[in-house]
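Observations on chain architecture
Each chain, letter by letter, is given below.
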Number of protein chains: 4
Amino acid sequence: MIRAAIIGASGYTGGELIRLLSHHPDIEIKVITSRKNKGMSVSDVFPHLTGYLDITFEEPDYEKISKRVDTVFVALPHKSAMEAVSIFAPDIPVVDLSADFRFENIETYEAWYTKHSSPELLDISVYGLPEIYRENIREAKIIGNPGCYPTGAILGLYPLIKEKIIKESGIIIDSKSGLSGAGRNQSTSNLFTEISESTSPYNVGTHRHSPEIEEKLCAIAKSKVNITFTPHLVPMSRGILSTIYAERSGEFSTKDILEVFGDIYKDEPFVRILPEGKNPNTAWVRGSNFIDIGAVSLRSTDRLVVMTAIDNLVKGASGQAIQNMNIILGFPEDAGLSTIPLFP
Amino acid sequence: MIRAAIIGASGYTGGELIRLLSHHPDIEIKVITSRKNKGMSVSDVFPHLTGYLDITFEEPDYEKISKRVDTVFVALPHKSAMEAVSIFAPDIPVVDLSADFRFENIETYEAWYTKHSSPELLDISVYGLPEIYRENIREAKIIGNPGCYPTGAILGLYPLIKEKIIKESGIIIDSKSGLSGAGRNQSTSNLFTEISESTSPYNVGTHRHSPEIEEKLCAIAKSKVNITFTPHLVPMSRGILSTIYAERSGEFSTKDILEVFGDIYKDEPFVRILPEGKNPNTAWVRGSNFIDIGAVSLRSTDRLVVMTAIDNLVKGASGQAIQNMNIILGFPEDAGLSTIPLFP
Amino acid sequence: MIRAAIIGASGYTGGELIRLLSHHPDIEIKVITSRKNKGMSVSDVFPHLTGYLDITFEEPDYEKISKRVDTVFVALPHKSAMEAVSIFAPDIPVVDLSADFRFENIETYEAWYTKHSSPELLDISVYGLPEIYRENIREAKIIGNPGCYPTGAILGLYPLIKEKIIKESGIIIDSKSGLSGAGRNQSTSNLFTEISESTSPYNVGTHRHSPEIEEKLCAIAKSKVNITFTPHLVPMSRGILSTIYAERSGEFSTKDILEVFGDIYKDEPFVRILPEGKNPNTAWVRGSNFIDIGAVSLRSTDRLVVMTAIDNLVKGASGQAIQNMNIILGFPEDAGLSTIPLFP
Amino acid sequence: MIRAAIIGASGYTGGELIRLLSHHPDIEIKVITSRKNKGMSVSDVFPHLTGYLDITFEEPDYEKISKRVDTVFVALPHKSAMEAVSIFAPDIPVVDLSADFRFENIETYEAWYTKHSSPELLDISVYGLPEIYRENIREAKIIGNPGCYPTGAILGLYPLIKEKIIKESGIIIDSKSGLSGAGRNQSTSNLFTEISESTSPYNVGTHRHSPEIEEKLCAIAKSKVNITFTPHLVPMSRGILSTIYAERSGEFSTKDILEVFGDIYKDEPFVRILPEGKNPNTAWVRGSNFIDIGAVSLRSTDRLVVMTAIDNLVKGASGQAIQNMNIILGFPEDAGLSTIPLFP
């Protein structure tokens, strides 16, 4: 059994890593850390996980932890994350769920986040979107696990840009997210009473997932790609529905477009292309590592609409982290990721 | 007191007409009809309204009703609506909440809905968006009360098109609606269990509010305006948040854009322009006749984003209907519309 | 116009006082205080109230405020509340929404809360449940505005105890509350993500509303009344549904019981007794000052079930506070309280 | 592999049977039936299950189906259920999720439901609550799978009655249920708009789960047990929280009571007894076959409170059905039931 540590395990992504790895046939959680909850049991922090993992949260002493485990998941905020990663990597493979290793261009990272403390590690890190970068992931020492919004956006645009179905300017991504993406922290604005019956955009034109999406799309297009990205909060716990608008580069019907998606993703275990006339729904992927994708080529304009649905905590975070780790460690890619969506 | 009838009063818009008119100083509800619920009391159908209106639902006998009332609200599905309207109009002023009198171009109506049975009445009908058509409404005999999505979309675009702030092609309207827009009818797909934790687009590229929006925007622009409109259902009861993307026609800052809105809507009792940095939220308008509008001019692209929030049952339906009737009857425009938004 | 101050106006009950008083024909809000939000406008703190009250939150300087207003609503936590009340009373009539003036027995208060700093004021204070204590309220200088749970529980039991329909031991009150009762404070446990899909009891056997309910029921019964009270949180914003179980003292049918309720509450403007076969629902009273009451006399046992529904922020807090103030000031009891329930 | 049929598989319990059995190592679904959806694929009816089961719904021809499968789950309404069961049993083991085989006393069944068409089969049927009747289930041919409310109520009372901790009269069960218990049928009253912000009791004193609970408790007590049961709907999809009130038969502390529960359920794979001071929460068991149980012995009265939480679709229906089938077929009791609760 591979021994794993989860650094910063008391948030929602930490809880999901524990939930999913509890079913993993080849990985065993040996260490979970939390400054705030050290000494507490898993069931104190996550009552739903009572009975599944009989260890306590410990203080994050990375040096000592590095001697006790074979692999590490880092679920810390950015900045704290790269400090942790630098202790474990490159000897121990690390999946980092923060933004610290997602960017190839360090200037972009530093413009949107903070000064990078381990720029040398960027060379051995890979952006962890398996459907696009699987071969690089296999050789990586550090995975920059994608943001939740970028996962849904990039996988919805990749085939269209790769196959030059759409023009590279004027792409609009309108995303609707559940609240778990906002984390498990003290807050007034995310109280039930504030969120129920509320739909609202936030960080319009300034969300830090914009440059992440743009960098990856530019690399796919091998040219400048310009996007407009608007995130919204809608009153649900899990899920991101991204509605993507782009200008067609030629005459492509809905059928044509769905065939391109079907073709490119045909061997992907976690991508489900919906048949013509069906639209994705966050409720159909909840709790699972799936991304559901639908598309419509509009008749009245020269645009198409692509819609993707993910569970932001699974394919948008912890599930994808495990998928990446499976690739690195040579396990079946779906090990530990067999949860069937829970509906209703 | 003006005596009013509500035809088809047992749905959500009917309930809202009763709720709002119960506070109207000059209009008294004399007749409510419902084929399905005839003979039932208001409190049987709307327990929340217990104590406010002591009449029973009656069979819709339009001829007889026309002798007992001075004004009529028609809250029937399209087709049934125009049949009812044709009995009352032009002698009795009618606000029709269906689509039957919303279109100037009868071919558009017939292409998207059904054959029009009273084309001659279209000449005396006016599209009931007071912020744009107030003067015409004053003289109208029939009001085609706007659709819920068009209300939020057109009011968000009107100043920009009028003042030529944006280009007329490539407008995208991405709307998120609560479930009350789907009505109070037997349904499996709108069960609580199906909707909770669900966000999903529907009628992508084919929603009948698209041609309604386009016809009105074309009239404002006096040229062809082409839109892409995608409605979504999100798990809340009331509210529509519309996120509108358009290409700027020149250099306009967020401040410039908000000034244009502020200027054009400065005397409007139900339009609230949010200050720079604030985004509208459906929770802030719930139960009221307000439309809240925010805007951002994006720095990284040549686009701007306008966001509008309404309560679909009030400004998007029954409240606007009363606003229109107040204009026709010469009452203060906000009579009966004083409900302050209910939050949380 | 009577000039009012709201002390501690930035929470949900403060927001509701502003909303409701904005419609009051005879009371005008002159002062709103908030240590945390001083200097902010109403629309900064309550965007839904934008346009209704053009003053800013100020530092609570009670001495100065007492010279500028004629009446005061105190919406502070207990302890801070009695300190504020002691400055205003008895010269200025005060409705205190905290627990500080709810108890006749100071030992009970001090056992469950804290040492009382103004015991002498208890003599001029009255428990503000108008349906029972209207005459005393008329003469009071200080109103101890009832707790949200006690309002629903006591009004559901008062006629039964008064008319000796039930035995005084073995009363069980099982209450289900929305989240607004938990306030608008930073919190992890009341996040949308924690509450959605969650129903759970809390403070079982130890909630501080138990002694409040017991003291009032004992006074009504003029003997010892013993209750078991269990509050629960259910995933909604507003509303308390209390299901009350008691042993019948004789043969009383459902009809008999409803007649007793109808008789005792026949002149009450805010009590709605439901007909046999109908059960109350929090959705039917939302936003209003109503209490809806239903009852069933069980055939298979010697018990009856009474069910009451209120909006915890209105009849359970701010609405009742205004009702009390109307009585003190000699205004119509429903002034400012005309909001019709908002459904859906 | 054991071949299974699910009769009436298009409702929520059908969907859950498919979801859970898809992970079962020894049972394979061969037949799913639905009159309404015959010919449709699993993904047409349950988009979340896309990719998990490649068969279509077929017309229920029980004779033919009986030749193709080794075991049957019947998820039909009562009456239709017993007709189906009578074709398969006793040759093929059947778990029936309806009420048709839950009662020992046929008169009780017929008084509350309908005339029983196969009374002779009652002798070979067993009530499927494994924690109490495991040994009988092992030998049974037909399982009457318990109702959702009875599961939570009986397991919360069994140890207390068995060990004579409580008196047998005056037991009150106040249950709060999510909407999935109401099924996936066309409905107005269960629309999202009707349920959101709504908490309400229903079938007060007349719910058909009352006699089911009473019959089983009487058998445990070997004497007359009389209960008062009130079900409520609260705005969530899954989960039942039952708050149970009973009179102590002597001096028992909370610790004493929890020890009794711990002792009796110590080997149960799906019962989690919460430590003193923790209360169960429907969110902690969602999607899983767990029942979480907490208890408080009240100091101020002679009563105790037991609280149980289940997922009504899993432990309250489909999960328990599989647990029963595992016992009959000699499989590990938790085969196919490993889903960890999904939170948030």
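From a predicted model like this one, the values you see are computed outputs, not experimental measurements. (Residues numbered from 1 in each chain as written. Chains lettered and ligands numbered in written order. Predicted model: local features only at pLDDT ≥ 70, side-chain atom pairs only at ≥ 80, totals over all residues. Heavy atoms only, no water.)

**Observations regarding the relation of the copies chain D and chain C**
Each copy of the sequence occupies a distinct position, and chain D is placed on chain C by a rotation of 180 degrees and an axial shift of 0.0 Å, giving an RMSD of 0.0 Å. Here the copies are linked by what is in effect a two-fold axis. A symmetric contact is evident, with 100% of the interface residues of chain D recurring at the interface of chain C. (Least-squares fit on C-alpha atoms with pLDDT ≥ 70 in both. Contact = heavy atoms within 4.5 Å.)

**A look at the sheet that holds strand 13 (residues 291-297) of chain A**
All names here are of chain A. In space, the seven strands of this open sheet follow the order 9-10-8-11-14-13-12, with mixed pairing throughout. Single-partner strands in this sheet number two, and they are strand 9 (200-201) and strand 12 (271-273). Strand direction decides the pairing type here: strand 13 and strand 14 (residues 303-310), joined by seven bridges, are antiparallel. Each bridged residue has a counterpart across the sheet, and for G294 the counterpart in strand 14 is M307. Where helix 10 (residues 254-264) meets the sheet, it contacts strand 12, strand 13 and strand 14, and its direction lies at approximately 150 degrees from that of strand 13. (Pairing = 2+ DSSP bridges. Helix = DSSP H or I, 4+ residues; strand = E, 2+ residues; numbered from the N terminus. Axes fitted to C-alpha atoms, helices over the stretch in contact; angles between N-to-C directions.)

**Some thoughts on the interface of chain D and chain C**
Facing 47 residues of chain D, the contacting portion of chain C comprises 47 residues. Carbon and sulfur atoms make up 56% of the area that chain D and chain C hide from each other, which totals about 3,600 Å². Three residues stand out in chain D for area buried against chain C, namely E197(D), T199(D) and Y245(D), and they jointly supply 18% of the buried area on that side. Applying the counting criterion to the chain D and chain C interface returns three salt bridges. Between K176(D) and D174(C) there is a salt bridge, with the nearest N and O atoms lying 3.0 Å from each other. If you look at where chain D meets chain C, you find 24 residue pairs in polar contact (both at pLDDT 80 or more). (Buried area = accessible area lost by both parts, 1.4 Å probe. Salt bridge = Lys/Arg side-chain N within 4 Å of Asp/Glu carboxyl O. Polar contact = N/O pair within 3.5 Å; in protein donor to acceptor, adjacent residues only side chain to side chain.)

**As for the relation of the copies chain A and chain B**
The two copies are related by a screw motion: chain A maps onto chain B through a turn of 180 degrees and a shift of 0.0 Å along the axis, at an RMSD of 0.0 Å. When the interface residues of chain A are mapped onto chain B, 100% of them are again interface residues, pointing to one common binding face.

**Re the interface of chain A and chain B**
With 47 residues of chain A in contact, the opposing surface of chain B contributes 47 residues. Each partner contributes to the roughly 3,600 Å² buried at the junction of chain A and chain B, and carbon and sulfur atoms together form 56% of this total. Per-residue buried area on chain A facing chain B is highest for E197(A), T199(A) and Y245(A); these three make up 19% of the total on that side. If you look at where chain A meets chain B, you find three salt bridges. We note a salt bridge from R286(A) to E197(B), for which the minimum N-O separation is 4.0 Å. At the boundary of chain A and chain B, one finds 25 residue pairs in polar contact (both at pLDDT 80 or more).

**Focus: the packing of aromatic side chains**
Under the criterion given, the structure shown has 50 aromatic pairs over all chains. Look at Y158(B) and Y265(B): their rings are 6.3 Å apart centre to centre, the planes differ by 40 degrees, and that puts the pair in the tilted class. Separated by 107 residues along the polypeptide, Y158(B) in helix 7 (residues 148-162) and Y265(B) in the loop between helix 10 (254-264) and strand 12 (271-273) bring together distant segments of the chain. The exposure class of Y265(B) is buried, given its relative accessible area of 3%. A ring pair is formed by F261(B) and Y265(B), whose centres lie 6.3 Å apart and whose planes are at 35 degrees; its orientation type is tilted. Chaining the aromatic ring pairs together yields one cluster made of Y12(A), W284(D) and F343(D). Sitting over the ring of F290(B), R272(B) keeps its end group 4.0 Å from the ring centre. (Phe/Tyr/Trp six-rings, centres within 6.5 Å; stacked < 30°, edge-to-face > 60°. Buried < 20%, exposed > 50% of the residue type's maximum accessible area, 1.4 Å probe, protein only. Lys NZ or Arg CZ within 6 Å of the ring centre and 35° of its normal.)

**Some words on the packing of helix 7 (residues 148-162) of chain A against helix 9 (residues 209-221) of chain A**
Residue and element names in this part refer to chain A. Contact geometry of helix 7 with helix 9 gives a least axis separation of 10 Å together with a crossing angle of 20 degrees. By the criterion of interaxial angle, the relationship of helix 7 to helix 9 is roughly parallel. Where helix 7 crosses over helix 9, the two elements pack in a sense that is right-handed. Along the contact surface, helix 7 presents C148, Y149, P150, A153, I154, L157, Y158, I161 and K162, while helix 9 presents H209, E212, I213, K216, L217, I220 and A221. Here the contact of helix 7 with helix 9 is built from residues that sort into twelve nonpolar, one polar and three charged. (Parallel < 35°, antiparallel > 145°, perpendicular 65-115°, else oblique. Left-handed = near helix turned anticlockwise from the far one by under 90°. Nonpolar A, V, L, I, M, F, W, Y, C, P; charged D, E, K, R; others polar.)

**Some words on the pairing of strand 10 (residues 227-233) of chain D**
One face of the sheet, then the other: side chains in a regular strand alternate in exactly this way. Residue and element names in this part refer to chain D. Burial runs high along strand 10: seven of the seven residues are buried. Burial of strand 10 is two-sided: the residues I227, F229, P231 and L233 facing one way and the residues T228, T230 and H232 facing the other way are all buried. Where strand 8 (residues 171-177) lies against strand 10, seven bridges are found, and the strand directions are parallel. Considered in strand 10, the bridge of K176 is made with H232. Taken together, the two bridges between strand 9 (residues 200-201) and strand 10 define a ladder with antiparallel strand orientation. Within strand 10, the position partnered with P201 by the bridge is H232.

**Overview of the side chain of R134(A)**
All names here are of chain A. Considering the arrangement of structural elements, one finds R134 in helix 6 (residues 130-139). The exposure class assigned to R134 is buried, which follows from its relative accessible area of 18%. Setting aside residues up to four positions removed in sequence, R134 forms contacts with L129, E268, P269, Q323, I327 and E333.

**Structural notes on the pattern of salt bridges**
Tallied over the full model, the rule gives 94 salt bridges over all chains. Ionic pairing is found between E59(B) and K38(B), a salt bridge with its closest N-O pair at 2.8 Å. You can see E59(B) sitting in the loop between strand 3 (57-58) and helix 3 (62-66) and its partner K38(B) sitting in the loop between strand 2 (27-33) and helix 2 (42-45), a full 21 residues away along the chain. Judged by its relative accessible area of 48%, K38(B) is partly exposed. In this structure, the salt-bridge partner of E333(D) is R134(D), at a minimum N-O distance of 2.8 Å. You can see E333(D) sitting in the segment after helix 11 (314-329) and its partner R134(D) sitting in helix 6 (residues 130-139), a full 199 residues away along the chain. Overall, the relative accessible area of 16% leaves E333(D) in the buried class. When salt bridges that share partners are traced, they join E16(A), R19(A), R238(A) and D311(A) into one network.

**Quick look at unusual backbone geometry**
In this chain, A89(B) is followed by P90(B) through a cis amide linkage whose omega measures 0 degrees. Inspection of the secondary structure puts P90(B) in the loop between helix 4 (80-88) and strand 5 (94-96). Each neighbour pair has its own omega, and for F343(C) with P344(C) the value is 0 degrees, a cis peptide bond. Of note, P344(C) is situated in the segment after helix 11 (314-329). The phi dihedral of K164(B) is positive, around 55 degrees, even though this residue is not glycine. Structurally, K164(B) is set in the loop between helix 7 and strand 8 (171-177). By relative accessible area, K164(B) is classed as exposed at 53%. With a phi angle near 45 degrees, N203(D) is a residue other than glycine that sits in the positive phi range. On the accessibility criterion, N203(D) (38% relative accessible area) is partly exposed.

Just distances and angles here, no functional claims.
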